[in-house]
There are 2 protein chains.
Amino acid sequence: MLYAGSMSTVPPPSPPPQQPLEPLELPQVGVEIDEPCLRADAARNRARLLEAAALLVAERGADGLTMEAVAAAAQVGKGTVFRRFGDRTGLLTALLDHSEKKFQAAFLSGPPPLGPGAPAAERLRAFGVAMLRRTVDELELQLAAEPCADRRFTNPPRRVLHHHVTLLLREAVPEADCDLLAHTLMAPLDPALVHHLTRQSAMPLARLESAWSDLVDRVTGPAASAR
Amino acid sequence: MLYAGSMSTVPPPSPPPQQPLEPLELPQVGVEIDEPCLRADAARNRARLLEAAALLVAERGADGLTMEAVAAAAQVGKGTVFRRFGDRTGLLTALLDHSEKKFQAAFLSGPPPLGPGAPAAERLRAFGVAMLRRTVDELELQLAAEPCADRRFTNPPRRVLHHHVTLLLREAVPEADCDLLAHTLMAPLDPALVHHLTRQSAMPLARLESAWSDLVDRVTGPAASAR
DNA sequence: AAGAAAGTGGACCGCGGTCCGGTTTAAGTG
DNA sequence: CACTTAAACCGGACCGCGGTCCACTTTCTT
């Protein structure tokens, strides 16, 4: 439970409560969040849905994953799917949750150079490479799970990654605007871009990796005081 | 006519031809493309549609822009809207076309430092600032017009911008992988990010601008030969 | 046992996108 | 100019999907 992935239900389904301030807590590294602990039937249906979804994706591709289809395959009402996962993106995200947590564990507490122990710049290099590999592996799902426009920077997994990069940057280049720099740095790891480059432009993964490395060098290098 | 904006109909509407190779020519800077020159009624309807669309956006916001609504407002069939603009994104893009062309003209042939005549790094700085301003101005439309995932890097306007940045980078840092670097550099100008930062995080525009400037410095600076 | 909370499911809605029979336009042709 | 014809265009019925809603059922607690 590194960031309270989609193991949990979509926040408070709907009814009364809604903390007025800090509606979304910045996911602290390694924080534990009490899982809502679903009711028996709900948990059963959740499992069935995930299983059915994975099956559907496997045999028809991510585009073939229809909310209605997955509901039918799991012998469950359509409304149940939405109650559990919020929307289509939520379902896709849940499918990626496993790998997401593994990845988080790797860079939060795994062995160097990805995990703590190595110098920041080196960790950044390792981070990009690992991320690229993971993205390529799950390209189809990652692409399908990408939320549309206004939620692209608001979803928890993304915020965890961004937060991590920000911390590393603060260590490597304390004088920079690390928050913004982190956003920039993460751009070449974006699934949509990776897809465009590797699939539509047939660019070898190695080139992406070396470009990432160069980028880290440039960014963590001296802050050319030009201008 | 800088890149054959959406003044033209969606490519060849549908029927027979389809050049097997180079289905989308990289928009050369300043290239002219013969406009299909619509039939009289088609041109009239196109104008009406754009007018109606602009009106609808003005009074109900970009989210209120429905293909059916704009068709009705222009007293035209729904099919016509799709035939003319391909899809919703196409319509939104057409609405932005005017400003797009103006912007292109500014950095392709306008006065320095945005246009030719200034050193590359300086042009890059100007480019980012201008782009940020424009994006903030038309945030709502830009956001709504953003194509989903797999077409985000394939649309002509984006390619023109990317091409331009690539050229400037080649001038400023010939030893780098300028194609990829351009993608990275353009990330902080992405409408979705700008929206997230300025609207959802209340970050002042000035900070984005200065971060851009710093970024250009870092990127065009010495390629720290670490590693 | 009984009430409250949580969960369920399928009818329903709106919108983006497709399709195809009918209509209009524009370029020949006598 | 009148007429013909083929291509371009039009429009609205139609489809599928994502998402909502709410009356009903199941589970949990005491």
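Let me begin by describing the structure that accompanies this report. (Residues numbered from 1 in each chain as written. Chains lettered and ligands numbered in written order. Predicted model: local features only at pLDDT ≥ 70, side-chain atom pairs only at ≥ 80, totals over all residues. Heavy atoms only, no water.)

## Concerning the overall build of chain A
In plain terms, the rule: Secondary structure elements are taken from DSSP: a helix is a run of H or I of four residues or more, a strand is a run of E of two residues or more, and numbering for both begins at the N terminus. Contacts were defined at the residue level, with two residues in contact if any of their heavy atoms lie within 4.5 Å. The Shrake-Rupley method, run with a 1.4 Å probe sphere, supplies the accessible areas, and residue values consider only the shown protein chains as cover.
If you tally the helices and strands in chain A, you get ten helices and zero strands. Residue pairs at least 24 apart in sequence account for 71% of intrachain contacts in chain A once pairs closer than 6 positions are excluded. Accessible surface for chain A amounts to roughly 11,200 Å². Of this, 56% is attributable to carbon and sulfur atoms.

## Side note on the protein's contact with DNA strand C
Operational definition: Being near a molecule or strand, for a residue, comes down to having at least one heavy atom within 4 Å of it. Counted as a polar contact is a pair of N or O atoms within 3.5 Å, where, for protein atoms, one must be capable of donating a hydrogen and the other of accepting one, and residues adjacent in sequence contribute only when both atoms are in side chains. All amino acids are sorted into three groups, where Ala, Val, Leu, Ile, Met, Phe, Trp, Tyr, Cys and Pro are nonpolar, Asp, Glu, Lys and Arg are charged, and the leftover types, Gly among them, are polar.
Taken together, 22 residues are adjacent to DNA strand C, and Arg39(A), Asn45(A), Arg83(A), Lys78(B) and Arg88(B) come closest. Across the atoms of DNA strand C situated within 4 Å of the protein, the share located in sugar and phosphate is 60%. Between DNA strand C and Asp41(A) there is a distance of 3.5 Å, counted from a phosphate oxygen to a backbone nitrogen or oxygen. At 3.1 Å from a phosphate oxygen of DNA strand C is found a main-chain nitrogen or oxygen belonging to Met67(B). Tallying contributions element by element places helix α3 (residues 78-85) of chain A first for the surface near DNA strand C, with five residues. Class assignment of the residues belonging to the surface near DNA strand C gives a composition of seven nonpolar, five polar and ten charged.

## Quick notes on the protein's contact with DNA strand D
Around DNA strand D, 21 residues are found, and the nearest of them are Arg39(A), Lys78(A), Arg39(B), Asn45(B) and Gly77(B). By atom count, sugar and phosphate contribute 62% of the portion of DNA strand D lying within 4 Å of the protein. Between Arg83(B) and DNA strand D, the recorded distance is 3.3 Å, taken from a side-chain N or O atom to a phosphate oxygen. In this structure, a phosphate oxygen belonging to DNA strand D sits 3.3 Å away from a side-chain N or O atom of Arg84(B). Of all the secondary structure elements, the ones that give two or more residues to the surface near DNA strand D are α1 (40-60) and α3 of chain A together with α1 (40-60) and α3 (78-85) of chain B. Ranked by the residues each element gives to the surface near DNA strand D, the list is headed by α3(B), at five residues. Class assignment of the residues belonging to the surface near DNA strand D gives a composition of six nonpolar, five polar and ten charged.

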